[in-house]
Amino acid sequence: MNMKDTQVRIGFIGAGNMAQAIGFTLIDKGLIEPSQINVSAPSKRNFKKWDESGVNTMHDNGQLILNSDIIFLAMKPQYIDHALKDLHISADQWTFSKLVVSVIAGFSLETLHEKLRPVLFDYRLIKAIPNTALLVGAGFTAICPDPGATEDDIELITKIMSAGGSYEIVPEHLMHAMSALSGSGIAYLFNVIEALSDGAVKQGIPRSLSYKVAAQTVIGAAQMVLQTGEHPAVLKDNVCSPGGMTICGVHALEQGGLRASLINALEASTHKSMDMNKKK
């Protein structure tokens, strides 16, 4: 896909990390020209990198919507109402249907419609929840299209999100859990990397080396799961020699409740996502 040829215009309401991960990935891979991207935010705090890249920056969300074909809602959940309340858009300015893509965690399609219908005249909606690994091209995005989204819409968004990693089309009833697994799960793995590094430092390995080895070990384990197709338990068993050092470490993990803690963390994140939608 090369959006340069179609001259599609992409707008981001919100100029922070997630918008940057998506926008700059498309620019860096040559899929779109910076001039085809519009970004709006209430302040200039996150504009520096956008401005340096030649992207159109502004503070007027209504102007952004009118001048974009695809609008990413990339603000934090608590700011969506403020971002939509004063758009100053009239029906005669609305010349064609817009594709709205929400990357906001927690909100259901129904809740998003409740917020969008009073201010947008004609739009299609897709919910997409990426994680921050998009910043390094290794992200994962759970995508949930609204029934009104077209096949062309879905194809376009999957291609946009796959520029920064992989994706799956997911039914809406799984989106809260998928947000917890992918969106929040990456933070839990940062904790795992930090803890492994702390253990290595305790054993005398320098901190910088311990971070590097711990991170590469997590990458290696993930690649083995993805590339071999083996159950993680089988891959774990292959490393555990009878009476060896690894099985002793696995025993210590079981005593510390690692697996139960991770399961509890996913459950807590899923419930929080559900609560965010209830409070809307």
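Residues numbered from 1 in each chain as written. Predicted model: local features only at pLDDT ≥ 70, side-chain atom pairs only at ≥ 80, totals over all residues. Heavy atoms only, no water.

Q: Talk me through the pattern of salt bridges; I want residue IDs and the actual numbers.
A: Tallied over the entire structure, the rule returns eight salt bridges. Where Asp69 meets Arg9, a salt bridge forms, and the shortest distance between an N and an O atom there is 3.4 Å. Taken together, the residues Asp69 in the loop between α4 (61-66) and β4 (70-73) and Arg9 in the loop between α1 (3-6) and β1 (10-13) connect sequence positions 60 residues apart. Here Glu52 makes a salt bridge to Lys48, at a shortest N to O gap of 2.6 Å. Of this pair, Glu52 and Lys48 both sit in helix α3 (residues 48-53), four residues apart, roughly one helical turn. According to the relative accessible area criterion, Glu52 is exposed, its value standing at 57%. (Salt bridge = Lys/Arg side-chain N within 4 Å of Asp/Glu carboxyl O. Helix = DSSP H or I, 4+ residues; strand = E, 2+ residues; numbered from the N terminus. Buried < 20%, exposed > 50% of the residue type's maximum accessible area, 1.4 Å probe, protein only.)

Q: Outline the sheet that holds strand β5 (residues 98-102), supporting the account with residue identities and numerical values.
A: The strand order across the open sheet formed by eight strands is β3-β2-β1-β4-β5-β6-β7-β8, and the pairing between neighbours is mixed. If you trace the sheet from one side to the other, it starts and ends with β3 (56-58) and β8 (165-169), each paired once. Each neighbouring strand pair of the sheet contributes to a mean axis angle of 25°, computed without reference to strand direction. With five bridges connecting them, β5 and strand β6 (residues 123-130) associate as parallel partners. Looking at the pairing, Lys98 lines up with Tyr123 of β6. (Pairing = 2+ DSSP bridges. Axes fitted to C-alpha atoms, helices over the stretch in contact; angles between N-to-C directions.)

Q: Outline helix α8 (residues 175-202), supporting the account with residue identities and numerical values.
A: Along its 28 residues, α8 runs 39 Å from first to last C-alpha, staying within 8% of the 40 Å computed at 1.5 Å per residue. Within α8, the axis deviates most sharply at Gly185, by approximately 50°. Taken as a whole, α8 has its buried residues at Met175, His176, Met178, Ser179, Ala180, Ser182, Gly185, Ile186, Tyr188, Ile193, Ser197 and Ala200. Once α8 ends, the next one or two residues include Gly204, with phi positive near 105°. (Expected span 1.5 Å × (residues − 1). Bend = angle between axes of the 7 residues up to and from the residue.)

Q: Describe in detail the nonpolar core, supporting the description with residues and values.
A: Within the largest apolar cluster, 36 residues are counted, with the highest numbers of intra-cluster contacts made by Ile22, Trp50, Phe72, Ile157 and Ile160. Every element with two or more residues in this core is listed here: β1, α2 (17-28), β2 (37-40), β4, β5, β6 and α7 (151-162). When residues in this core are grouped by element, the largest group, seven residues, is from α2. By size, the runner-up hydrophobic cluster in this structure holds 31 residues, among which are Leu64, Ile65, Ile71 and Met175. (Core = buried A, V, L, I, M, F, W, Y, C linked by side-chain atoms within 4.5 Å.)

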